[in-house]
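# Breakdown of the fold
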Amino acid sequence: MSISEFRRKKLLYVFNVFFDVNQSGTIERKDFELAIEKICSLRGWKPGDPKNTETHEIMIKIWEGLRKRADSNKDGQVSVEEWVSMWNDYAQNPSAALQWQQLYAQFMFQLEDASADGTIDCDEFTTVCSSYGINPQECKVAFGKMAKGKASVSWEEFQDLWKEYFSTEDPNASGNFIFGRTSF
């Protein structure tokens, strides 16, 4: 099945902003190491801190799962086309997400839920998304659309929004806003 230009733009946005940290045009282990540094710095988790160690372990598991599934030519990198192909396969059956995909969704939720109260509020969401260079005002607008006007988003809601982001063709679907952007 071919992928629409709208979904391709969404997938490339996540690829470029959240995964290809060093902007090399591919995703590789080095991107994950840079992301770990960025996340730990954002949260104030120093080397040796249990949260720093946990973040490192989770992110490397995500990388290994991504590499194993998407790196079809086994060159140690995930290209744009490999990335798009993998998520296009996911969109055929979002309920059958791979372990690394579930782990990444859970990691993003927990990263955004800085208060650890089981929900993400607008300030928490904006802090994380804006740390990736997204305009804070755009993050706030995206949160409002994602949360459908509510003050927070629960883990259960986030899981549905996550599936929607990677599979929907509807530009107005609430899931399109989970990464802080309001248009593609």
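Reference entry: report on the structure contained in this document. Because the structure is predicted, anything quoted here is derived from the model rather than measured.

## Quick notes on the packing of aromatic side chains
A complete count under the given rule lists 27 aromatic pairs for this structure. Here Y13 and F184 contribute two aromatic rings whose centre-to-centre distance is 5.7 Å and whose plane-to-plane angle is 70 degrees, an arrangement assigned as edge-to-face. A residue pair is termed long-range when its members are at least 10 positions apart, and Y13 in helix α1 (residues 5-19) and F184 in the segment after α8 (155-167) qualify at 171 residues. Exposure remark for Y13: the relative accessible area of 7% places this residue in the buried category. A residue is classified by how much of its surface remains accessible, and F184, at 23% relative accessible area, is partly exposed. Here F158 and W162 contribute two aromatic rings whose centre-to-centre distance is 6.0 Å and whose plane-to-plane angle is 40 degrees, an arrangement assigned as tilted. With F158 and W162 both in helix α8 and four residues apart, the pair spans about one turn of that helix. By the burial criterion, F158 is buried, and W162 matches it. Over the ring of Y165 we find K10; its NZ or CZ atom is 5.1 Å from the centre of that ring.

Thresholds, definitions, all that
Residues numbered from 1 in each chain as written. Predicted model: local features only at pLDDT ≥ 70, side-chain atom pairs only at ≥ 80, totals over all residues. Heavy atoms only, no water. Phe/Tyr/Trp six-rings, centres within 6.5 Å; stacked < 30°, edge-to-face > 60°. Helix = DSSP H or I, 4+ residues; strand = E, 2+ residues; numbered from the N terminus. Buried < 20%, exposed > 50% of the residue type's maximum accessible area, 1.4 Å probe, protein only. Lys NZ or Arg CZ within 6 Å of the ring centre and 35° of its normal.

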